[in-house]
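# Structural overview for review
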Amino acid sequence: MDPVAAMTPLEVIMKYPGPWLAWILPMLGALSMPLFERLGTKIRDYAAVAWGLTSVLSAASMIPWLFSGNYPGDIKLTTWINFPGGSPLEVGVLVDPLSIIVCNVVAFISFLILVYSTEYMHGDKHLTRFWFFFLFFIGSMLLLVLSDNLIQTMVGWEGVGICSYGLIGYYYRDAKERWLGGPPPHKMFPPSHAGMKAFVVTGIGDVFILGAIFVIFNYAGTLNYVDLIATAHQWLPQIAAVPGLLAVTAIFFLGGPIGKSAQFPLHEWLPEAMAGPTSVSALIHAATMVKAGVYLVARMSPIFYLGTWEMHLPEAQVFFIVIACVGAFTCFMAASQALVSVELKKILAYSTVSQIGYMMLALGVSGLSEGAYVAGLTAGVFHLMSHALFKAALFLGAGSVIHAIHTIYTFNMGGLKKYMPITFILMVIATASLAGIPPLSGFWSKDAVFIACLVANTPLSLTLLAVGAVSAAMTFFYSIRYIKLTFLGHESKHIEEMEQHGHHPHEAPQIMWVPIAILVGLVCVIGLLGLAGFFVPSLSPELFIEHLLHDMLHHMGIPLHTHHLEFPTILTAWGTSAAMLLIGGILGWLFYLSRRVDSWEFVSGNSTLKPVHTFLFNRWYMNSTYYKVFVYGLIDFAKAVFATLESKVFDKITAFVSDSTIAFGKVIHVFETKVYDPAINVGLVNFFVEGGKMLYNDFEFLLDLSLNRGVPATMTGLHNQVKKLQSGVLSYNIIYVVIVFLVLILGFGLTQMYGGI
Amino acid sequence: MVIPTPLLMMLSPIVVFLLGFLGEEMKIEKLREGAAVVMSAVSVAAVYMLYLMLKSTPDGILLFHLQAAPPLGACFEIDMLGILMAFSVTLLTFFATLYSVKYMEHDTRLTEFYTLLAAMSVGMMGVAFAGDLFTLFVFWELMCIASYVLVAFRKDLWGPIEAGFKYFVMSALGAAVIFFAMAFLYGMAGTVNFAQLSDALRGQPLNMWLYMVFGMLVVGFGIKSAIVPMHTWLPDAHPEAPSPISALLSGVVIATGLYGLTRVLFLTFDPGMFKLPIAFLAVLTMTLGNVMALRQSDIKRLLAYSSIAQIGYMLVGLAAGTAYGVMGLFLHVFNHSIMKGMAFLASGSIAHETGTRDIKSLRGVGKMMPLTSLCLFIALLGLGGVPGTNGFISKYHLFSAAFGSGLGWLGIMGVLNSALSMAYYLRIMQVLLASPDEGFKAKEAPVLMVAVTLVMAVLIVFLGVWPAPIIGFATAASEALVNGLSTFIGAVLG
């Protein structure tokens, strides 16, 4: 069964180069960047693109396995660490449809954005650092996806976290123009602050997931995904035997994905993460890294599925219920915040949070009823893929806009359609996909989420479907809003001023719009395939993914109950989508396209909507609450501790200890200089002849010294004594040796006398 | 009697001396350096060959009788533990010799230097391979005598002379005590051969004479391995020696003392008997080493005190008395030989370039000597036990061995001490990274010296990230000593 076991590490890599090289090469590339810098900046940029390409090729070499259905599964390289009381941790990659799909999406989009960045970041002085983090990010992300055990995944997980931190804070000099937030009078934050925030907030999630991993390892004795699933029937009931532990483990485990994928309540870092260069936002904070959480939930879901439906452990279902509720709520909340945001990238960031909510919702409802599992998993993975494509395109488009007119605020844009026609068209298509307009890819994937909710067919899943549906209406509304504010209407004052100074907004250079066009092209292709799949099922991407995942789960030995999808279900989902598009579309049309109603007057004139707007604009007051409680609260607490405990109690203890040490030192000092030292050094003869005389003098001197000289002399005395004790006169040293010898012998002698040891 | 080819490398001091002498007479440049480096490399290879030979034997022991058969004939009995020890020794000797080529180039009397260096290394190897007390003592003295002279190698300065003299007196005392203990053991067992000794004494009811022997062994070997309070010579001797010699002294010589102690104690006594006294000495040693290192102003002296502390950690493994503990001990011996050796070499480079060892006046060296400082950082982080370095791995095993054998308090003391030790390691880093004082200049050390430290730094990180091979090696070594004792005896006695 396992011919890999007998091979040396090198042979394993030679046999399956793709899954190894895909993440090793970009990491090597990252390390090589400083070297290439020596050869010239142009060569360095080309080298970065070349390293990215190697990763794409390695990832693509795995695609044939998707079609042949004969993928290699778990490939182990070598033993990394031997754990006491568990199976050893092995370095390995897990190559199955789930990882192949996600890994190809990541590698391919990363490469396109890499190409885009060569132009977008052109002329930046610190590009070596940029490429380093960028390539290292690709490597870490692929390591995370391809890893076959939780520890290796965590290594990649933290690697992408560090790269994210480094790239959000890329403009760490915090020039005023890079600040984010506002517009004044709202509070603004520098990029380095944003990077730190992202790192800290996701770090909270990481602590939780580590806790869960420890629990799992403690009971399962392994961290390998395949082994975890294969032995689930042994260890899962053991965890469940402790009341509440399984639920806590599930919730803790979800902490990591919730933090990484910016879900409620750890979603607040993502809007600020837009402080980095836009291409970074496109890659890390829209297309790939934030999907890591979705991937990990999908990866672990078979275990909890088995727990829920095979072993009938009610606590296992907590995993699905929590992630479904969190997903749906986040989806709604983030969409509502996107309605009122005034920064273009932030709108897209809220939209990302909201769309990831859909994926989490799909993965969550997959466990709500026995038959919905494959449908939910498929919907999650499909939406992950389609969202990665269109959201990357949207961010890159936004980058082109920002690149052209140097502002992040939508109220400083407007009328850009005639200056940037290509970007406009590409953005509109990608936006249509985001909004879920048929037949683009976004429609099919969002539809899959709705279908998954319907298939689950429990009261909870239907309620969550309603939440998701409302969010879909809001999605279309804010899509219309930002397209209008950016491209349509009249030029803003900012653009007019620019023109007066002779700067005309210009279309993005070819090297920037081509990657966007490729992404948009894929969006269209997948969408059209979806349409075609309606007539010829073998063409449908959704059914293709479903088929692959079904096979994969079947190989894992998971009993599946799939329902044949009935036409009314599909129709219901379509109807929901259409109704929501209609609601969102009509409102959007009224407010922004036809301008029948002036949005601002409408809101500010209405005593109900005004507070709602303020509420939404302030991000449901969550951000400020977090700051108030956790950041400033902690600082205040620290100050209070210092003022009370530290200065009033601990300092006193310190003073007391030092005082008593000085007093003790005084005694020792006197003993040393006056008794011990002369006794040893002067020797026996002198001792007998002059000892008595000296002893007399010394006692007199001792009194004088201890009473009159006081603290200063003893401090120096103590110091010198300790020094002397260490390396002083040779004769002392021999005395020590004799003392140790005697102590050992006498110790044994005495203990033996009293009954031995 | 057949002497296997790999053991012929024990003649390397003679080769180095002859070639060095020849080079001096014939004015062939760098002949002696070349000979010394090649011989030290050959020693590493020879140890590896012995390792392969040992792996192919069924009972895990290689026996070489030099003269007559036991009880009195000198013999080598090489098991996995000896190989691990010899591997640490030869590897560090190789690095130190390579480093000396550049570091010592302006000194005179270099033929003596390299000959003594090789002799010291051979002495340690002999101790590791010895199969009886007599052989052990002969090689022990070879190691000691070579090291006295090397400490006082720069005889025109007063510091080295004083330090060397003190070292000599203390160490000679230790050797005398060991010799006395051996006499006792011979008197009791009628043999000096390890296996026969163990056969005769282990498990016997303890009496006052055995306690005497135990005390003498601890004191005698303890002086050499600087167990507090018999450590007083070390903070003088190690800093005053030339840096490559400091590296060897701190890296392996003191560990050889510990090796001798471990070997003889396990052969003669039951672990339950020496657990508590050794644990007590361990706490004393690590605490005092760390406390004294805190306020040192001389960087090499600080490292010397840190060596004392590290010996304390190693004693934890001995105190645990289990195979796991001994595994941790020798894992740490190996790791410490690389880390401390490199720390001394790197600080030697710094002293070489700046002309001072005073920590306060080294501000900003990190900017001027980036590679050397980077290496020093890695070594210091390793010594402090930061995860990702090999120091973490071995300390982890040591402390968990302490917990495993019911000495939880000892493990806790170790962890606390480890935390305390970071204070002075970080102090060095902070000074090196500070912005330099006005007018202070230094350049990066010569390529050869930097290369040696870099290679060792890579080893530290590599073994910290992928410790599986060396842990396997150390496990086999500890099994040979602790659980394989009966096989050992059986193999020797036939």
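So, a few notes on the structure that sits alongside this text. (Residues numbered from 1 in each chain as written. Chains lettered and ligands numbered in written order. Predicted model: local features only at pLDDT ≥ 70, side-chain atom pairs only at ≥ 80, totals over all residues. Heavy atoms only, no water.)

All names here are of chain B. With 15 residues, helix α1 (residues 12–26) should cover 21 Å at 1.5 Å per step; its first-to-last C-alpha distance of 21 Å lies within 8% of that length. Among the residues of α1, those classed as buried are S12, P13, V16, G20 and G23. Buried residues of α1, seen end-on, are gathered within an arc of 95° and therefore sit on one face of the element. In α1, the exposed positions that point more than 90 degrees away from the buried face belong to L18, E25 and M26. Those residues of α1 hidden inside the fold are in contact with α2 (31–56) and α4 (110–129). Backbone geometry just after α1 places K27 at a positive phi near 55°. (Helix = DSSP H or I, 4+ residues; strand = E, 2+ residues; numbered from the N terminus. Expected span 1.5 Å × (residues − 1). Buried < 20%, exposed > 50% of the residue type's maximum accessible area, 1.4 Å probe, protein only. Arc of directions from axis to C-beta. Contact = heavy atoms within 4.5 Å.)

All names here are of chain A. Residues I162, Y165, M196, F199, V200, I204, F208, V248, I251 and F252 make up a contiguous nonpolar surface patch of about 800 Å² in total accessible area. Elements that contribute at least two residues to the nonpolar patch include exactly α7 (150–168), α8 (191–220) and α11 (245–260). By secondary structure assignment, the location of V200 is in helix α8. Overall, V200 belongs to the partly exposed group, its relative accessible area being 45%. (Patch = residues over 30% accessible without salt bridge, like charges linked within 9 Å, V, L, I, M, F, W, Y side chains within 5 Å. Areas by Shrake-Rupley, 256 points an atom, 1.4 Å probe, with all protein chains shown as cover. Salt bridge = Lys/Arg side-chain N within 4 Å of Asp/Glu carboxyl O.)

A word on empty space enclosed by the protein. A probe matching the size of a water molecule, rolled over the atoms, marks out where space remains unfilled. Here the structure, examined in full by the defined rule, presents 3 cavities of 30 Å³ or more. Of the volumes computed, that of the largest cavity is approximately 100 Å³. Along its surface, the largest cavity is lined by 14 residues, and A36(B), S40(B), T93(B), T97(B) and A118(B) are the ones closest to its centre. When contributions to the lining of the largest cavity are tallied by element, the ones reaching two or more residues are α1, α2, α3 (80–103) and α4 of chain B. With 5 residues, the single largest contributor to the lining of the largest cavity is α4(B). Taken together, the residues of the lining of the largest cavity break down into 7 nonpolar, 7 polar and no charged. In this structure, the second largest cavity occupies an estimated 70 Å³ of space. What lines the second largest cavity is A435(A), G436(A), G442(A), F443(A), K446(A), D447(A), F450(A), A472(A), S577(A), M580(A) and L581(A). If you list the elements that add at least two residues to the lining of the second largest cavity, you get α19 (441–456) and α24 (567–593) of chain A. When residues of the lining of the second largest cavity are assigned to their parent elements, the largest contribution, 5 residues, is made by α19(A). Classifying every residue of the lining of the second largest cavity gives 6 nonpolar, 3 polar and 2 charged. (1 Å grid on protein atoms, 1.4 Å probe; cavity = no way out; pocket = protein on both sides within 12 Å on 5 of 7 lines; lining within 4 Å. Points joined across faces, edges and corners; volume = space filled by probe spheres on them. Nonpolar A, V, L, I, M, F, W, Y, C, P; charged D, E, K, R; others polar.)

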